[in-house]
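Working through the structure, step by step
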Amino acid sequence: MDFEVYCDESHPELFTSAKPSVDFLMIGSLWLEAPLRDEIKKRIWSLREKYQVWGEIKWSKVNLSALPFYKALIDLFESYGAQVRFRCIAVNHNEFDENYHENDNELGFYKFYYQVLHHWIYSYNTYRIFCDMKVNRDLTRLNTLQRCLNNKNINAQVANVQALPSNQVVLIQLSDLLLGMASARMNNTLKHGSAKEELTVYLESKFGRQLAPTYQSEHKFNIFKIRLQGGW
């Protein structure tokens, strides 16, 4: 089967900031069967027309007036069951040791990207991966990521790893929204009574649990809290 993966990140500044405001860097990925792409985009467009919400879909833009639209996006995500999935990694900057990555924070960042993707790549499938565009010091990072994924998954094909501007790719935007809720729970940044809290609770009601680190076997909304110090 052919799959597409749309990725975004939250708080990538953590490993370079002298005074981080939160604990966890988050990298998220929205996985879908490739033939569903156009259908999902059309359904999102229909929701825009219904609720008259335009512009970029972003976690930072969730507010009371747009809340019905964002809840409808959650309903859309949930309605596809296992055909559309979300996985993210949570990296605690307090455990990060630059020696792990040759004092190269950018290299470390893409090693965590690898961890997000590798564990959901299965044999005999083809994957196309789309990342939010960011400025890299080393312009070969995405090519290296693709090569490493293919080398590790010899019976699957990662056909491309490509950077795209998120303001033009609605499925990266949907990934941003889902990641925002996971990040808010992991970093404990939700404000009581806010639209963001209400939306997060609405998503959690679909699963019957609060967003928190999950087992690897969780396939709909997976949060991988990596242990950089090892242990159980």
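Residues numbered from 1 in each chain as written. Predicted model: local features only at pLDDT ≥ 70, side-chain atom pairs only at ≥ 80, totals over all residues. Heavy atoms only, no water.

Describing the environment of L36
On the secondary structure map, L36 appears in the loop between β2 (24-33) and α1 (37-51). Judged by its relative accessible area of 9%, L36 is buried. Sequence spacing of L36 and Y80 is 44 residues, and the spatial spacing of their C-alpha atoms is 9.6 Å. Setting aside chain neighbours within four positions, we find L36 in contact with Y80, Q83 and V84. (Helix = DSSP H or I, 4+ residues; strand = E, 2+ residues; numbered from the N terminus. Buried < 20%, exposed > 50% of the residue type's maximum accessible area, 1.4 Å probe, protein only. Contact = heavy atoms within 4.5 Å.)

A word on helix α2 (residues 67-79)
With 13 residues, α2 extends 18 Å from end C-alpha to end C-alpha; this agrees with the ideal 18 Å at 1.5 Å per step. In the core, the buried residues of α2 are packed alongside β2, α1, β3 (84-92), α5 (170-186), α6 (195-207) and β6 (221-225). Count one or two residues on from α2 and you reach G81, which has phi positive near 55°. (Expected span 1.5 Å × (residues − 1).)

What to know about the pattern of salt bridges
For the structure shown, the criterion picks out nine salt bridges. One salt bridge in this structure joins E204 and R185, with 2.7 Å as the shortest N-O distance. Of this pair, E204 sits in helix α6 while R185 sits in helix α5, and the two are 19 residues apart along the sequence. Its salt-bridge partner being R209, residue E218 comes within 3.8 Å of it at the nearest N-O pair. Each of E4, R37 and D38 takes part in salt bridges that share partners, so that together they form one network. (Salt bridge = Lys/Arg side-chain N within 4 Å of Asp/Glu carboxyl O.)

Points about the packing of helix α3 (residues 105-118) against helix α4 (residues 141-152)
Viewed as axis vectors pointing N to C, α3 and α4 meet at an angle of 40°, and their least axial separation amounts to 10 Å. Judged by the angle between their axes, α3 and α4 are oblique. The crossing of α3 and α4 is right-handed. Here E106, L107, Y110, Y113, Y114, L117 and H118 of α3 come into contact with α4, specifically with R141, L142, L145, C148, L149 and K152. Class assignment of the residues belonging to the contact of α3 with α4 gives a composition of nine nonpolar, one polar and three charged. (Axes fitted to C-alpha atoms, helices over the stretch in contact; angles between N-to-C directions. Parallel < 35°, antiparallel > 145°, perpendicular 65-115°, else oblique. Left-handed = near helix turned anticlockwise from the far one by under 90°. Nonpolar A, V, L, I, M, F, W, Y, C, P; charged D, E, K, R; others polar.)

Re the pairing of β2
Of all 10 residues that make up β2, 10 are buried, and the element is covered over most of its length. Alternating residues of β2 divide into F24, M26, G28, L30 and L32 and L25, I27, S29, W31 and E33, and every residue in both groups is buried. Where strand β1 (residues 2-10) lies against β2, eight bridges are found, and the strand directions are antiparallel. Residue pairing across strands places F3 opposite E33, the latter belonging to β2. With nine bridges connecting them, β2 and β3 associate as antiparallel partners. If you follow W31 over to β3, its bridge partner there is R85. (Pairing = 2+ DSSP bridges.)

Re the packing of α1 against α2
In contact at an axis separation of 10 Å, α1 and α2 are set at 155° when each is read in the N-to-C sense. The orientation of α1 relative to α2 falls into the category roughly antiparallel. Seen along the crossing, α1 lies across α2 with a hand that is right-handed. Where α1 abuts α2, its residues I40, R43, I44, L47, R48 and Y51 lie against P68, F69, A72, L73, L76 and S79.

Details of α3
In this model α3 runs 20 Å from its N-terminal to its C-terminal C-alpha over 14 residues, within 8% of the 20 Å that 1.5 Å per residue would give. Buried residues dominate α3, accounting for 12 of its 14 residues. Residues of α3 that are buried make contact with β1, β2, β3, β4 (126-132) and α4.

Details of the packing of aromatic side chains
Taken as a whole, this structure holds 13 aromatic pairs when the rule is applied. Ring geometry for W31 and W120: centres 5.6 Å apart, planes at 70°, overall edge-to-face. Note that W31 is positioned in strand β2 and W120 in the loop between α3 and β4, a separation of 89 residues in sequence. Like W31, the residue W120 is buried in the burial classification. Relative to Y113, the ring of Y110 has its centre 5.7 Å away and its plane inclined at 15°; by these criteria the two rings are stacked. Placement of both Y110 and Y113 in helix α3 is noted, with a separation of three residues, approximately one turn of the helix. You'll find Y110 and Y113 in the same group, each marked buried. Site record: aromatic cluster; members linked through ring pairs are F3, W31, W120 and Y127. The ring of F109 has K134 lying over it, and the distance from NZ or CZ to the ring centre is 4.7 Å. (Phe/Tyr/Trp six-rings, centres within 6.5 Å; stacked < 30°, edge-to-face > 60°. Lys NZ or Arg CZ within 6 Å of the ring centre and 35° of its normal.)

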